[in-house]
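Breakdown of the fold
One-letter residues, chain by chain:
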2 protein chains.
Amino acid sequence: MEALKKKILEEGSVIGTEIVKVDTFLNHQIDVKFLEKIGEEFRKRFADTEVDKILTVEAGGIAIACTTAECFGYPPVVFAKKAAPSTMNEGFYEAEARSFTKGTISRFKVDRKFIKPGERVMILDDFLASGEASVALSEIIEQGGAEVAGIGAVIEKGYQGGSERLRKKGYRVESLAVIRKIENGKVIFD
Amino acid sequence: MEALKKKILEEGSVIGTEIVKVDTFLNHQIDVKFLEKIGEEFRKRFADTEVDKILTVEAGGIAIACTTAECFGYPPVVFAKKAAPSTMNEGFYEAEARSFTKGTISRFKVDRKFIKPGERVMILDDFLASGEASVALSEIIEQGGAEVAGIGAVIEKGYQGGSERLRKKGYRVESLAVIRKIENGKVIFD
């Protein structure tokens, strides 16, 4: 998605050789109008895909899941929680995701009532790196007897192997901007 | 907002005498179409208010901040973070909010570059209880030399005194459904 690559180059900032910071429009400040264009792009790429529900994870994925839901005829959006609130009292599905960048492990939780057998659930997230988060979300979908309709990421760090890992599991993956490498403080796209 | 009260009565569930769980449409599963109606209601109630930016807090406020931004002509949405990511390296404003229900203290953080002197910033959140979160967000706005344009909450727990506290500070508060009390497992609205 050319408009997205342009925005990353103009507004993003590089930290070291691994991290691109896009907090001006994606995951701290949010440019809702631009995220609606991202939603339309996901709709185009998954034009032939039936989507009953969108699953993401707090907090970075919530905004794009919502603007994308508009473009898919408003399926319910569910976001996995990283901590179980005291009100999550009816049992939940759970899966573990390691963040290699942060060196932390999160346990994603989704209330059982929000994943139903036979549903086609699309996974969306702001970043796709090693694929750990998407794998954890796909495990939750499968625990509920539902099916992964596809996986969409706004920005993929191509050098971390996540999309390859997910495609090997048989999932369709669409990333709107794939970063091949970061070199001399510059982002190089595929 | 009658449609909201109806939805709370139909889909919400009461836990004890203090908590109403609305995870089917507001803060775990998200009904984006309904949240767009909530955005329109905020626009009506703040029809005479100039809004340069919307400030909320992760994760519960992000969805309604995004759908409301659409109705206000797409001002940027900023969500305060409860933990500083490693990429938040240019300094941030910070304020403390105690959760009386959870017995925890959060330190809300907003990168300094997202609050600018003279801006009119609207605070939005899913719940208004004691007002601690809104007070913390208003402190962040004032640290940045900006101004609170108003405070909007989807659901107010009227019995926790938050709106009174905020109005005493001179802020305009609009809550779309005010719960007067919870009695015998039932929600009673104002």
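In every chain, residue numbers begin from 1 and rise along the written sequence. Chains and ligands are labelled sequentially in the order written, the chains with letters from A and the ligands with numbers from 1. Note on the predicted model: pLDDT of at least 70 is required for a residue's local features to be given, and 80 or more for side-chain atom pairs to be given and counted; whole-chain, interface and lining totals, by contrast, use all residues. Each side-chain value is worked out from all heavy atoms of the structure, with water and hydrogens disregarded.

**Here we look at the sheet that holds strand S11 (residues 186–189) of chain B**
Read across the sheet, 7 strands follow the order S3(A)-S5(B)-S4(B)-S8(B)-S9(B)-S10(B)-S11(B) without closing on themselves; strand pairing throughout is mixed. Bordering the open sheet on either side are strand S3 (29–30) of chain A together with S11 of chain B, each of which pairs with just one other strand. Any pair of residues with heavy atoms lying within 4.5 Å of one another is described as a contacting pair. Angles run from 0 to 180 degrees between N-to-C directions of axes, and those axes are lines fitted to C-alpha atoms, restricted for helices to the stretch in contact. A helix here means a DSSP run of H or I that spans at least four residues, while a strand means a run of E at least two residues long, and both kinds are numbered starting from the N terminus. Of the strands in this sheet, strand S4 (53–57), strand S5 (77–80), strand S8 (120–128) and strand S9 (147–157) of chain B are in contact with helix H4 (residues 132–143) of chain B, which crosses S8(B) at around 165°. Note: two strands are recorded as paired if DSSP finds a minimum of 2 bridges between them.

**So, the relation of the copies chain B and chain A**
Of the transformation superimposing chain B on chain A, the axial component is 0.0 Å and the angular component is 180°, with the fit at an RMSD of 0.0 Å. The superposition operator between the copies reduces to a two-fold rotation axis. The rotation axis passes nearest to the C-alpha of B:Ala59 in chain B, at a distance of 2.6 Å. By residue overlap, the copies meet face to face through one surface: 100% of the interface positions of chain B are interface positions in chain A. Superposition of the copies used a least-squares fit over C-alpha atoms from residues whose pLDDT is at least 70 in both.

**Quick word on the nonpolar core**
The definition of a nonpolar core used throughout is a set of buried Ala, Val, Leu, Ile, Met, Phe, Trp, Tyr and Cys residues joined through side-chain atoms within 4.5 Å. The cut-offs for exposure are 20% and 50% of the maximum accessible area for each residue type, with area from a 1.4 Å probe on protein chains only; residues under the lower value are buried, those over the upper are exposed, and the others partly exposed. In this structure, A:Leu4 and B:Leu4 are the most contacted members of the largest nonpolar core, which totals 73 residues. When near neighbours in sequence (up to four residues on either side) are disregarded, B:Leu4 contacts B:Phe25, B:Phe34, B:Ile38, B:Val154, B:Leu176 and B:Ala177.

**Quick look at helix H1 (residues 2–11) of chain A**
Residues and elements named next belong to chain A. Turning to H1, its buried residues are Leu4, Lys5, Lys7 and Ile8. Buried residues in H1, looked at end-on, bunch into an arc of 160°, giving them a common side. In H1, the exposed residues that point more than 90 degrees away from the buried face are Glu2, Lys6, Leu9 and Glu10. Those residues of H1 that are buried are in contact with strand S2 (19–21), helix H2 (32–45), strand S9 (147–157), strand S10 (173–183) and strand S11 (186–189). Our arc is simply the arc of the directions from the helix axis toward the C-beta atoms.

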